[in-house]
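Working through the structure, step by step
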Amino acid sequence: MTRKIKHYRPPGKKKEGNAARFITRSQAVKQLQCSLTLFRKLCILKGIFPREPKKKVKGNHHTYYHVKDIAYLQHEPLLEKFREIRAYQRKIKKALAKKDNDQAIRLQTRQPAPSYDGAILQRYPKFVDALRDLDDCLTMVHLFAVLPASERLKIEVECIHNCRRLSHEWQAYIVRTHKLRKVFVSVKGIYYQAEVEGQKITWLTPHAMQQVLPDDVNYSVMLTFLELYQNLLGFVNFRLYHLINVEYPPILDPQLEALAAGLYALSRYIDARSSMSVEEPKASSSSLPDQFRSQVEVTENEESEIRLAQLQHQLPTNEPGALMHLVQDAEGEDEDDEDTKECKKLFRNMKFFLSREVPRESLLFVIPAFGGVVSWDGDGAPFKEAEQSITHQIVDRPTQGHKYLSREYVQPQWIYDCINARIILPTEAYLVGRIPPPHLSPFVDNEVEGYVPDYAETIKRLQAAARNEVLPILGVGKEDLDDPQNLLVEGYISRTEAIEAAERKQKMEDLEKQHHEELKMELQNLHSSPVSKKIKKSPVKDTESKEESRTDLQQFIEDNERRETLLMPRKKRGLYEAIKKNKERKNAHVNKLKERKKAIEARKSDKN
């Protein structure tokens, strides 16, 4: 008797559902006729990820891919290129096995290399798409820029040099255009956030220390990602440099590059090229013959007269100085946005000098991005430590041997806190030898989290003072500031505005009072009995009844919430419960922080 073979479907019938839409990784490798490492590399380069079907036909221990993704890979030119490279490597291996070293060297010099231009164009059809996906790219490139070369892990020296060059080019563009917005120094490294073409880009750079390569990391996968990211960042840098009229790739000063001052050399190159691009039109117009120059001047005069006539036609007759307003608006359109203007002026007219012990790479990037001039202790520096015009010296030692009275000695944290606050903070708390205030993260919204640190409140007051706003004085609440009489006395609003504001405030208070009375009446109708209405209450019982009414109000609110949750659909009820748990977790975290703060204050008071 023949044994029946089990089928998921009747024989002769086509596959349907998940069995037809998804295939396992081993089936995909077999279909593409490539190795598992090559398949993984193709998936990384083309952005193809495993899927999670609802019903896993082959079992839960398999990785599934969509059939259309694998069909898309079958016609990929990179697959043919990798096969060609593999066949070429076999030729080199064969020549080495035959001990034909000349042939092997000749073949190695002509070895084909894959091109990722088509893959990048398919994944990022627009420049904005590339900028949106630049966070991981910049983090990976900055990471490999500080790693040591390793022959065992196939991390080559050329790869590290290329990553360092690309990272310096990106930083030089950010410095030149003043697009840096936030900086945060953490244990992992230094977080930066820049705003380029309206896109916020955040990346992490490791600290300048000796990096240890752990053994539990798959470096082949990371190097595959790095190949794609190096090409992507090269294209992005090319486009950004051309937007500011700077030639790419930049030609650096070899002396500065040898002294490990690559970012400073790039900044000098960009400044020189941008100034040359401004001067080129003037030089070209001066090199023209006299008759052509006179014709150009006539046409320019005619155009300016026409433009002036149009402007005068647009002017209102009774407004003096309207032409100046129009000219200022036109100049403002050509300039950068408000954030860029603010960042340009933060460290203006300030000269910084970096001591040997501070993080030089980070400060050389950050200070010029906010309008400051910086130098360091070493060869190739723009000015020496004895320069009299230096306003601040960044040091990180408890004591200093020789001090100049014409400058301030501050810790590096002062720079980062000034950048995040967008104002020049007082330097007393950051002086040498003192414990600096807490370094607050600019990526955390304290009001949303529910806990505002004391130093954040101090920074808010300093920001309000810098903008000439109404300051919340210590001991004065928000209600006192909102009082129209106080604002009228201080001179912030006029008398009519104060009267209108007082009327609005009185209306809001009346409506709130009416709402509370209606709620109380509703509760009394719900919970009162006819016997209790006839009995007269004493003053003690009156207070007890008030407390009871409060508890009844809370009970009524809780019952109402419970009733609403019961009437919700299951999906929305689960979402509501998750939101409540998240709020409880946040409140517990806030309470923990407050307890820590109390404990620290108690310790300080015990010491004093």
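Attention in this report is confined to the structure presented alongside it. (Residues numbered from 1 in each chain as written. Predicted model: local features only at pLDDT ≥ 70, side-chain atom pairs only at ≥ 80, totals over all residues. Heavy atoms only, no water.)

In this model helix α11 (residues 219–243) runs 35 Å from its N-terminal to its C-terminal C-alpha over 25 residues, within 8% of the 36 Å that 1.5 Å per residue would give. Positive phi shows up at Asn-245, right after α11, with a value of about 60 degrees. (Helix = DSSP H or I, 4+ residues; strand = E, 2+ residues; numbered from the N terminus. Expected span 1.5 Å × (residues − 1).)

Let us now look at helix α20 (residues 454–466). With 13 residues, α20 should cover 18 Å at 1.5 Å per step; its first-to-last C-alpha distance of 19 Å lies within 8% of that length. Of all the positions in α20, only Tyr-455, Ala-456, Ile-459, Gln-463 and Ala-464 are classed as buried. Close packing links the buried residues of α20 with α18 (413–421) and α19 (446–449). One or two residues past the end of α20 sits Asn-468, with phi positive at roughly 60 degrees. (Buried < 20%, exposed > 50% of the residue type's maximum accessible area, 1.4 Å probe, protein only. Contact = heavy atoms within 4.5 Å.)

What follows deals with the pattern of salt bridges. Counted under the stated rule, the structure contains 16 salt bridges. Two residues, Asp-69 and Arg-51, come together in a salt bridge whose shortest N-O distance is 3.2 Å. Here Asp-69, found in helix α4 (residues 67–74), pairs with Arg-51, found in the loop between α3 (36–46) and β2 (64–66); they are 18 residues apart in sequence, far enough to count as distant. Using a relative accessible area of 16% as the deciding quantity, one classes Asp-69 as buried. Classification of Arg-51 by relative accessible area gives partly exposed; the value is 36%. (Salt bridge = Lys/Arg side-chain N within 4 Å of Asp/Glu carboxyl O.)

Moving on, we come to the pairing of strand β7 (residues 373–376). Sheet topology places strand β6 (residues 351–354) next to β7; four bridges connect them, and they run parallel. In the sheet register, Leu-354 faces β7, and the bridge partner there is Trp-376. (Pairing = 2+ DSSP bridges.)

In this section: the sheet that holds strand β3 (residues 180–185). Spatial strand order, β3-β4-β5: three strands in an open sheet with antiparallel pairing. Sheet topology places β3 and β5 (199–205) at the edges, where each strand pairs with a single neighbour. Between one strand and the next, the sheet's axes are offset by a mean angle of 15 degrees, whatever the strand orientation. With seven bridges connecting them, strand β4 (residues 190–196) and β5 associate as antiparallel partners. Opposite Glu-195, over in β5, you have Lys-200 as the bridge partner. (Axes fitted to C-alpha atoms, helices over the stretch in contact; angles between N-to-C directions.)

All right, on to the nonpolar core then. The tendency in soluble globular proteins is for nonpolar side chains to be buried side by side. In terms of nonpolar packing, the biggest core is built from 97 residues, with Phe-39, Leu-134, Trp-170, Leu-180 and Ile-415 touching the most fellow members. With 11 residues, α11 is the single largest residue contributor to this core. Once residues lying within four places of it in the same chain are set aside, the contact partners of Leu-180 are Ile-174, Tyr-192, Gln-193, Ala-194, Trp-203, Cys-343, Phe-365, Val-366, Ala-369 and Phe-370. Grouped together as the second largest cluster of nonpolar side chains are five residues, Tyr-88, Ile-92, Ala-104 and Leu-107 included. (Core = buried A, V, L, I, M, F, W, Y, C linked by side-chain atoms within 4.5 Å.)

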